[in-house]
Amino acid sequence: MGGAGGAGSYHGMAMGHLGGSGATPDLLPEWLGILAAVIFLLVAGAHLGHLAMTSGERRRWHVLHVAMALGMASMYAPARVDPFPFSAEAWQLVFVGLALAAGTRWLGGLAGLGSNNPLWLLTTVDLGVMAYMWTESDFVPALTWVLVAYLLLEACLWVANAYRQVDGGSPLIRWSAMRPAPEG
């Protein structure tokens, strides 16, 4: 896997490394890239905490969100402090593979082989967006703006706690069940 700033790494993409790399124009000041990377590492940590408190499909769902948060941390971190200096191709393969797994899980739910939860479809799209963000070719402006709009809408759903309506009131994440047991 390519190192930070090396040939074929995300840091040399047409879009540039969001946190700056020296190889491409900086899209963010270094301090903001570091701050964003730390925030995404905290998000990964939160999902790791959920992993410890859940099981079954909830656990698998959180694993995917840990992967997305780590990918975003690497994307935002300046090349010199990137905690995961993998090549763009490696990140892209990871997210394509995870998107295929989540999509298969969603299709299994549609076929009656598991619970039919639309959050698997949303997660599949999210993982596809991650793969798109790690592509080394030029972005397609129309597609990019559609994906930005989709992600903003999805973020609003999450902030408003409206995702509970997406999966028919039977959420994949049950916040009330995510408390430590009385015995600690």
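Just above, that's the structure.
Residues numbered from 1 in each chain as written. Predicted model: local features only at pLDDT ≥ 70, side-chain atom pairs only at ≥ 80, totals over all residues. Heavy atoms only, no water.

### Concerning the overall build of the chain
As a reminder of what qualifies: Each helix corresponds to a stretch of at least 4 residues labelled H or I by DSSP, and each strand to a stretch of at least 2 residues labelled E; elements are numbered beginning at the N terminus. Per-residue accessibility, obtained with a 1.4 Å probe over protein chains only, is compared with the maximum for each type, and a residue is labelled buried under 20%, exposed over 50%, and partly exposed between these values. By the convention used here, residues are in contact when the closest approach between their heavy atoms is within 4.5 Å. Using a 1.4 Å probe, accessible areas were evaluated by the Shrake-Rupley method; residue-level cover was limited to the displayed protein chains.
Assigned secondary structure in the chain consists of six helices and zero strands. Along the chain direction, N to C, the helices and strands of the chain fall in the order α-α-α-α-α-α. Taken over 184 residues, the chain has a buried fraction of 39%. Sequence-distant contacts, at least 24 apart, represent 66% of the contacts inside the chain between residues at least 6 apart. Working note: accessible area of the chain is about 9,600 Å², and carbon and sulfur atoms make up 70% of it.

### Comments concerning helix α4 (residues 119-133)
We count it as follows: Helices are assigned an expected span. That span is 1.5 Å times one less than the residue count.
Here α4 is 15 residues long and its end C-alpha atoms lie 21 Å apart, about the 21 Å a rise of 1.5 Å per residue gives. Within the span of α4, buried status applies to L119, W120, L122, T123, T124, D126, L127, V129, M130, A131, Y132 and M133.

### Digging into the packing of α4 against helix α5 (residues 141-159)
What counts here: Fitting a line to C-alpha atoms yields each axis, with helices limited to the stretch in contact; the angle taken between N-to-C directions then spans 0 to 180 degrees. Note that the term roughly parallel is reserved for angles under 35 degrees, roughly antiparallel for angles over 145, roughly perpendicular for angles of 65 to 115, and oblique for everything else. It is the rotation of the near helix from the far one that decides the hand of a crossing: anticlockwise by less than a right angle makes it left-handed, clockwise makes it right-handed. Side-chain classes are defined by residue name, with Ala, Val, Leu, Ile, Met, Phe, Trp, Tyr, Cys and Pro counting as nonpolar, Asp, Glu, Lys and Arg as charged, and the others, Gly among them, as polar.
For the pair α4 and α5, the least separation of the axes is 11 Å and the interaxial angle reads 135°. With respect to α5, the axis of α4 lies oblique. The two elements α4 and α5 meet at a crossing, and its hand is left-handed. Where α4 abuts α5, its residues L119, L122, V125, D126, V129 and Y132 lie against L143, T144, L147, Y150, L151, E154 and W158. The residue inventory of the contact of α4 with α5, partitioned by class, reads ten nonpolar, one polar and two charged.

### What to know about the pattern of salt bridges
It is possible for side chains of opposite charge to pair when their charged atoms get near one another. Basically, it comes down to this: In what follows, salt bridge is the name for a side-chain nitrogen of Lys or Arg lying within 4 Å of a carboxyl oxygen of Asp or Glu.
Summed over all chains, the structure comprises two salt bridges. Between R80 and E30 there is a salt bridge, with its nearest N and O atoms 2.8 Å apart. Separated by 50 residues along the polypeptide, R80 in the loop between α2 (56-76) and α3 (88-110) and E30 in helix α1 (residues 30-53) bring together distant segments of the chain. Judged by relative accessible area, which is 35%, E30 ranks as partly exposed.

### Notes on the environment of L98
Examined against the element boundaries, L98 turns out to sit in helix α3. Note on L98: relative accessible area 22%, which makes it partly exposed. Not counting chain neighbours up to four residues away, the residues in contact with L98 comprise L64, A67 and L127.

### Comments concerning a nonpolar patch on the surface
Worth spelling out the cut-off: Patches in this entry comprise residues that are over 30% relatively accessible and not in a salt bridge; like charges within 9 Å are linked, as are nonpolar side chains (Val, Leu, Ile, Met, Phe, Trp, Tyr) within 5 Å.
On the surface, a nonpolar cluster with roughly 390 Å² of combined accessible area is contributed by W31, L35, I39 and V43. Summarising the element assignment, L35 is placed in helix α1.

### Some details on the side chain of T124
As for its placement among the helices and strands, T124 is situated in helix α4. Residue classification places T124 among the buried residues on the basis of a relative accessible area of 18%. The residues contacting T124, other than those within four sequence positions of it, are A99, A102 and G103.

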